[in-house]
Amino acid sequence: MKWDDSFSVGVQEIDSQHKKLVEMLGSLISEMKKGQGRIVIGKTIEEMMNYAKVHFATEEKYMTLYNYPNSTSHKKEHEKFIESAKNFYENYMKGNLTAVELMNFLRNWLLEHILDSDKNLGKFVCEVSLCKQ
Ligand SMILES: [Fe+2]
Ligand SMILES: [Fe+2]
């Protein structure tokens, strides 16, 4: 899993956090390929979930700062993700899910959310402020 410039939403701070999330996903995939167990993989997932919370707070800061009209639904997507990720994580740790299933959930959610909701937010922020890119 590698960063691609087509993921860019145009806001530097958000892009650099997305890069870090994509990187963390890459670490997760390589740990899986190495056949690491639940303790190692679980720790990486936990770190990713914690960083996702920091990242969501950053995006929500922009929403508040610029009065983003879609902030309610966007914030709801973040909340739902945290809830689902927690469920996936717990099920994975209990052995009810494979690492591949968990990774697919994280990857699909992250990419779909960046390419749709986050791009919309980025476009809005760049319209109402001066984006440096
Ligand atoms: Fe977002
Ligand atoms: Fe994001």
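Here's a quick rundown of the structure.

So, how was this worked out
- Residues numbered from 1 in each chain as written.
- Chains lettered and ligands numbered in written order.
- Predicted model: local features only at pLDDT ≥ 70, side-chain atom pairs only at ≥ 80, totals over all residues.
- Helix = DSSP H or I, 4+ residues; strand = E, 2+ residues; numbered from the N terminus.
- Rg over C-alpha atoms; globule rule 2.2 N^0.38 Å.
- Buried ≥ 20, exposed ≤ 12 C-beta atoms within 10 Å, placed from the backbone.
- Contact = placed C-beta atoms within 7 Å.
- Axes fitted to C-alpha atoms, helices over the stretch in contact; angles between N-to-C directions.
- Parallel < 35°, antiparallel > 145°, perpendicular 65-115°, else oblique.
- Expected span 1.5 Å × (residues − 1).
- Left-handed = near helix turned anticlockwise from the far one by under 90°.
- Nonpolar A, V, L, I, M, F, W, Y, C, P; charged D, E, K, R; others polar.

**Describing the overall build of the chain**
Then step 1. Regarding its fold elements, the chain presents four helices and zero strands.
Then step 2. The order of helices and strands in the chain, counted from the N terminus, is α-α-α-α.
Then step 3. Taking 14 Å as the expected radius of gyration for a compact globule of 133 residues, we find that the chain reaches 15 Å, a close match to that expectation.
Then step 4. Along the three orthogonal principal directions, the C-alpha set of the chain runs to about 45 × 25 × 20 Å.
Then step 5. For the chain, buried positions account for 22% of its 133 residues.
Then step 6. In the chain, once contacts between residues fewer than 6 apart in sequence are set aside, the share between residues at least 24 apart is 71%.

**Digging into unusual backbone geometry**
Then step 1. Positive phi values are uncommon outside glycine, yet asparagine 67 reaches one of about 55°.
Then step 2. Mapped onto the fold, asparagine 67 is located in the loop between helix H2 (38-65) and helix H3 (71-94).

**Here we look at the packing of H3 against helix H4 (residues 99-128)**
Then step 1. Where H3 meets H4, the axes come as close as 11 Å, and the angle between the chain directions of the two elements is 170°. Classified by the interaxial angle, the pair formed by H3 and H4 is roughly antiparallel. In this structure, H3 contributes His74, Glu77, Phe81, Ala85, Phe88 and Tyr92 to the contact, and H4 contributes Ala99, Leu102, Phe105, Leu106, Trp109, His113, Ser117 and Leu121.

**Side note on the environment of leucine 106**
Then step 1. Considering the arrangement of structural elements, one finds leucine 106 in helix H4.
Then step 2. For the pair formed by leucine 106 and alanine 85, sequence separation is 21 residues and the distance between their alpha carbons is 7.4 Å.
Then step 3. Once residues lying within four places of it in the same chain are set aside, the contact partners of leucine 106 are Leu25 and Ala85.

**What about H4?**
Then step 1. In this model H4 runs 41 Å from its N-terminal to its C-terminal C-alpha over 30 residues, within 8% of the 44 Å that 1.5 Å per residue would give.
Then step 2. Residues Ala99, Leu102, Met103, Leu106, Leu110, Ile114, Asp118, Leu121, Gly122, Phe124 and Val125 constitute the buried set of H4.
Then step 3. Buried residues in H4 make contact with helix H1 (12-33), H2 and H3.

**Structural notes on the environment of serine 6**
Then step 1. Relative to the helices and strands, serine 6 is located in the segment before H1.
Then step 2. Since 8 C-beta atoms lie within 10 Å of it, serine 6 is described here as exposed.

**Things to note about the environment of lysine 80**
Then step 1. Its location among the elements puts lysine 80 in helix H3.
Then step 2. C-alpha separation for the pair lysine 80 and glutamine 36, spaced 44 residues apart in sequence, amounts to 28 Å.

**What about the packing of H2 against H4?**
Then step 1. It is at 13 Å that the axes of H2 and H4 come closest, and there the two elements cross at 15°. Taken together, the axes of H2 and H4 lie roughly parallel to each other. Crossing handedness for the pair H2 and H4: left-handed. Touching Ile41, Ile45, Glu59, Tyr62 and Met63 of H2 are Ala99, Leu102, Asp118, Leu121 and Val125, all from H4.
Then step 2. Counted by class, the contact of H2 with H4 contains eight nonpolar, no polar and two charged residues.

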